[in-house]
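So the chains spell out like this:
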Amino acid sequence: MTRRVPPLVPRMREHAASIFGEMSTLAVETGSVNLGQGFPDTDGPQSVKDAAIRAIQDGRGNQYPPVHGLPELRRAIAEHQRRFYGIELDWTADVCVATGASEAIVATLLALVDTGDEVVMFAPWFDVYAAGISLANGVRREVPLTPGTFRPDVDALRAAITPRTRLLLLNSPHNPTGVVFTREELTAIADVVAEHDLLVISDEVYEHIVFTGHEHVPFATLPGMAERTVTLGSAGKSLSMTGWKVGWATGPSDLIHAVRVVRQHMSFVSGGPFQWAVADGLALPDEHWRSFAADMQSKRDLLSAGLIGLGFAVTPSEGTYYVTTDVGPTAYADGLAFCRDLPSRAGVVAIPQQVFHDDPTNGAPYVRWAFCKRPEVLHEALDRLARALP
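Residues numbered from 1 in each chain as written. Predicted model: local features only at pLDDT ≥ 70, side-chain atom pairs only at ≥ 80, totals over all residues. Heavy atoms only, no water.

Novice: Which residues make up the overall build of the protein, and what values go with them?
Specialist: A count of helical and extended segments in the protein gives 13 helices and 13 strands. Compactness check: the protein gives a C-alpha radius of gyration of 21 Å against a globular reference of 21 Å for 390 residues, within 12% of the reference. Oriented by its inertia axes, the alpha-carbon framework of the protein measures out at about 60 × 60 × 50 Å. A buried classification covers 58% of the 390 residues belonging to the protein. Summarising the internal contacts of the protein: among those between residues at least 6 apart in sequence, 75% fall at separations of at least 24. Only carbon and sulfur atoms are counted for the fraction: they give 54% of the accessible area of the protein, which is about 15700 Å². (Helix = DSSP H or I, 4+ residues; strand = E, 2+ residues; numbered from the N terminus. Rg over C-alpha atoms; globule rule 2.2 N^0.38 Å. Buried < 20%, exposed > 50% of the residue type's maximum accessible area, 1.4 Å probe, protein only. Contact = heavy atoms within 4.5 Å. Areas by Shrake-Rupley, 256 points an atom, 1.4 Å probe, with all protein chains shown as cover.)

Pasting the structure below:
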């Protein structure tokens, strides 16, 4: 009997292809330098790796850890929030460990968004956001960041909200643009949230990768926001261990309880030995966090200067792994065409921003480049671009 109905449900068909999968495949096929996918090419602290090895050897974490996360890790996450931001959490009720921040994002959306509920988010957005909203049968409403500068337009945010809007999905430091929202911008956004009684998911996975002159302001620290905000963090980004897939959600107990209900039916548990190691990593001294950000800043400067030298208009990166350019010095009409041709033409991979918009014309000229690579890799990428571009 011939199957007549496509097996993938309609709401997920637009998410069938991933730009990261496409570009990473092209990188392998062409031997390209991969400045597309956001992962470092060096490991995080040796002491953290050693802690994972000890946990395995000691038999700690080789079996199922507790469903909502190892107590030692939940305590460490709560202490991290208190130490850096003055946020007081009950580690027993206000913290949920997940298989990476991506699972925490999807679990939170599934827990808080019902069929037909609207989720507002700034564009460009991380692709997992859009897929998670579709999984929840929600409706996404995007608010484009100001082209070129990528600052949030609070008036446009207010105008996008309707009686069906339930939740704001916020991301700062912002992927893919590298912008860090200011305290003033976040305060204005908080006023809109309070005015419309919205819930908030605040994706803050790049919290420790913020550069000189800029400040990470956790959204939950703003007046009236703690009781309505689920904050997401990531050991992958903060400790440069993306393959470990350890992330977390924190917030008021009623919201975290909802997240836990959903998340326990997804991966159940994961990464037992890594959870022990991440608990150690979050307690690293202040000097580690300063040097970590400084190292990323030096790589940002290297890549940004090289791209400027090649004629690209670079939006200054204020945090994250990424710098944004236009496709100005090229003959390409948009970033997608440029990025698809770049691997075979230059042996370099980057990510077009337009795929992170419902209206791709908003992001058409822009490209994201990842600088979380060794300096020699960044130099090689720039040399290849210089030889290939006119």
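From this point on, the discussion continues.
Novice: Give a detailed account of the side chain of Gln 275, specifying residues and quantitative values.
Specialist: Residue position: Gln 275 is located in helix α10 (residues 272-282). With residues up to four places along the chain from it excluded, the contact list for Gln 275 reads Pro 65, Gly 69, Leu 70, Leu 73, Val 97 and Ser 270.

Novice: Explain the packing of aromatic side chains residue by residue, including any values.
Specialist: Inspection of every chain in the model, using the stated rule, returns 17 aromatic pairs. Centre to centre, the rings of Trp 244 and Phe 274 are 4.5 Å apart; their planes meet at 10°, and the pair counts as stacked. Remark: Phe 274 occurs in helix α10 and Trp 244 occurs in the loop between α8 (235-238) and β8 (247-250); sequence separation between them is 30 residues. Overall, Trp 244 belongs to the buried group, its relative accessible area being 15%. An aromatic cluster is built from Phe 20, Phe 126, Tyr 129 and Phe 356, whose rings are joined through pairwise contacts. One cation-aromatic arrangement involves Arg 368 over Tyr 322; the distance from NZ or CZ to the ring centre is 3.7 Å. The side chain of Lys 373 reaches across the aromatic face of Phe 39, ending 3.8 Å from its centre. (Phe/Tyr/Trp six-rings, centres within 6.5 Å; stacked < 30°, edge-to-face > 60°. Lys NZ or Arg CZ within 6 Å of the ring centre and 35° of its normal.)

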